Amino acid sequence: MGGRIKRNSGPDEDGFVERLERRAREDDPEARRALGHAYLKGIGTDRDFRKAARHFLMAAERGCAASRYEYGLLCHAGRGVEKNKSEAVRRLTGAAGRGHVEAKAFLGMLYLTGDGVRRDFPTAVALLSEAAEKDCVEACHKLGLCHLTGLGTPKNREKAAALFARASESGHAEATHRLGTMLIDGRGIGRNRDKALSCLKTAAESGSAEALRFLGLLAMDGVGMKRDEGFGVSCLKKAAELGHAAALVNLGRALLEGRGGERDSKKAEGCFRAAASLGFAEGFYRLGLMCLNGEGTKPDPEKAAEYIRAAADRGLADARCHYAELCLKGEGVERNPERAVRWLRKAAKLGDVIACHSLGRLCFDGEGAERNRAEAARLFEFAANGGLVAAQNRLGKLYLEGGEVRKNTEKGLRWLETAAANGSLPALTNLGLFYLGASREGPDYEKAAVYFEKAAKKGFPEARFHLAECRERGLGVKIDAKKAAPRYRKAGDPGREEAPGKLPKIPLNGRRR
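Because the structure is a prediction, the values reported are computed rather than measured.

## Some words on helix H1 (residues 16–25)
Spacing of three or four residues puts side chains on the same side of an α-helix, whose turn is 3.6 residues.
Move 1: Within the sequence span of H1, burial applies to Val 17, Leu 20 and Ala 24. Each buried residue of H1 sits inside an arc of 60° when the element is viewed along its axis, so together they form one side.
Move 2: Tucked inside the fold, the buried residues of H1 contact helix H2 (29–41) and strand E2 (45–48).
Move 3: Looking one or two places after H1, you find Asp 27, whose phi comes out positive at around 70°.

Structure follows, in structure tokens:
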């Protein structure tokens, strides 16, 4: 367990350890603790974790709070003693109860992650707050994350930024990086891009792989700094060399797209494989997309489905949606709408708006699931509130039509107007149809024609068809058969943008960075 490790010559070779041993035999807990550190770090003797643990335990049993903490750490890591996280928590709790700051901080982190103890965010925040008050740097960093994300405490970006700043002043690289990202965004604390870049560069120079990655992405897109794809790629390479999985994926995508002057699908594949070997879901997903698109190799739908399924199994919402699409289409896997629904439900539980919309469509049409338009409306509303334009259009139509969902003209029009403002051509067309004949006050042909013309000018076939009808019959516009005829020809089969029962096309380049 402990094992003896290479001798590390200490500052005193003249009986330093022997003197501590004599004091320890006289039941001196401070001597025991000092001996523990000597054996733990190899000061004046060989490193020996087993002996270190024994001395820390003996000092702890004589009331030394610091030794309780140190013995707890060894129990947690399994160094010098058998790994026992329950015992580690017991020892750390004892040290924290006696006011040991680092014990409070470490115990707080365990409650955050549920490592050896039941996850309890409020308890974690309480412990981290007590440690942060005593200027524990890591506690400031972790407590800042709690305030930033709302774990165990209400979200408060100002408090988060202040805590990150305190930790940053003590040289904490990740806190410095977090502060930099907040200053770039500016929400709740005020934007300061010069200070943000300074923080990110400092964190990157201190070896923060995430800071290097973020700095690289900013340089690639020209956010807060002059666009420099070469510098961006070099930052991503440095982060990837540090084993940062997300940076490996970002670098792979840059290599696929030829950003920074180098396009190399083989190297990109190598980046994705390296990320996948680290268990990173998006590494598997990107490999799947390469197989599906035939990038650097022949298209292989079956292999693509395997990779995308592996990413879905690891919780990536994009992959779950995409694998559901493959199951529905029967591409690379046997067609199975019921399986598609199961995967969409998993992605929807993660709050993915595309999954909610796609699942809503299947519930609406009764494909792969029992037909349930009330559930479809709930799913569309979640996706619509999340900003998905197709869901806003769908929800608007549902409220206007009524049926299984209570009719609500005001809500229907509001959602269609929202979708239209967000660029939905079907929503513009649906608004035109409403004013053409569905309005309680009777038709408003002029309004209808205005909406049809807006969508028709952008090439939407159904809008062209209805505008041609209006021109032919003089509904809201002057009768003009000459203009009507070409629009009929251009419209062809009007058809809806969204055919019933089909999942929305998920972009093969994904939505993630």
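## Details of the side chain of Ser 424
Move 1: Inspection of the secondary structure puts Ser 424 in the loop between helix H23 (409–421) and helix H24 (425–438).
Move 2: Ser 424 sits in the buried class, given a relative accessible area of 7%.
Move 3: Not counting the four nearest positions on each side in its chain, Ser 424 is found in contact with Val 389, Asn 393 and Ala 419.

## A few points about the side chain of Arg 32
Move 1: Mapped onto the elements of the fold, Arg 32 is located in helix H2.
Move 2: Buried and unpaired, Arg 32 has no salt bridge, with Glu 21 as the nearest side chain of opposite charge at 5.2 Å.

## Topic: the pattern of salt bridges
Move 1: Enumeration according to the criterion identifies 22 salt bridges in this entry.
Move 2: Notably, a salt bridge pairs Asp 185 with Arg 187, separated by 2.9 Å at the nearest N-O pair.
Move 3: On the basis of relative accessible area, Asp 185 is assigned to the partly exposed category, the value being 29%.
Move 4: Looking at Arg 187, the relative accessible area reads 52%, which means it is exposed.
Move 5: One salt bridge connects Glu 210 with Arg 213, and the closest N-O pair in it is separated by 3.2 Å. Taken together, the residues span about one helical turn, with Glu 210 and Arg 213 both in helix H12 (residues 209–221) at a distance of three residues.

## Focus on the confidence of the model for the chain
Move 1: Residues at a pLDDT of 70 or more form 90% of the chain, whose mean pLDDT is 88.
Move 2: A low-confidence stretch, residues 1–13 stays under pLDDT 50, and its non-local contacts, those more than four residues away or across chains, total 34 contacts.
Move 3: Counting contacts from residues 493–513, a segment whose pLDDT is below 50, to residues more than four positions away or on other chains yields 60 contacts.

## Concerning the environment of Gly 476
Move 1: Here Gly 476 is to be found in the loop between helix H26 (461–473) and helix H27 (481–491).
Move 2: Since its relative accessible area comes to 31%, Gly 476 is described here as partly exposed.
Move 3: Separated by 40 residues in sequence, Gly 476 and Leu 436 place their C-alpha atoms 9.3 Å apart.
Move 4: Once residues lying within four places of it in the same chain are set aside, the contact partners of Gly 476 are Tyr 445, Glu 446 and Ala 449.

## Quick look at unusual backbone geometry
Move 1: Although it is not a glycine, Asp 135 adopts a positive phi angle of roughly 65°.
Move 2: As for its position among the elements, Asp 135 is in the loop between helix H7 (121–133) and helix H8 (137–149).

## As for the packing of helix H13 (residues 229–241) against helix H14 (residues 245–257)
Move 1: Interhelical geometry of H13 versus H14 gives an angle of 140° and a closest axis separation of 8 Å. It follows that H13 is oblique to H14 by the angle criterion. The two elements H13 and H14 cross, and the hand of that crossing is left-handed. Contacts between H13 and H14 involve Val 233, Leu 236, Lys 237, Ala 239 and Ala 240 from the former and Ala 247, Leu 248, Asn 250, Leu 251 and Ala 254 from the latter.
Move 2: For the contact of H13 with H14, the residue count by class is eight nonpolar, one polar and one charged.

Calculation criteria
- Residues numbered from 1 in each chain as written.
- Predicted model: local features only at pLDDT ≥ 70, side-chain atom pairs only at ≥ 80, totals over all residues.
- Heavy atoms only, no water.
- Buried < 20%, exposed > 50% of the residue type's maximum accessible area, 1.4 Å probe, protein only.
- Helix = DSSP H or I, 4+ residues; strand = E, 2+ residues; numbered from the N terminus.
- Arc of directions from axis to C-beta.
- Contact = heavy atoms within 4.5 Å.
- Lys, Arg positive; Asp, Glu negative; His and termini not counted.
- Salt bridge = Lys/Arg side-chain N within 4 Å of Asp/Glu carboxyl O.
- pLDDT = per-residue confidence, 0-100.
- Axes fitted to C-alpha atoms, helices over the stretch in contact; angles between N-to-C directions.
- Parallel < 35°, antiparallel > 145°, perpendicular 65-115°, else oblique.
- Left-handed = near helix turned anticlockwise from the far one by under 90°.
- Nonpolar A, V, L, I, M, F, W, Y, C, P; charged D, E, K, R; others polar.

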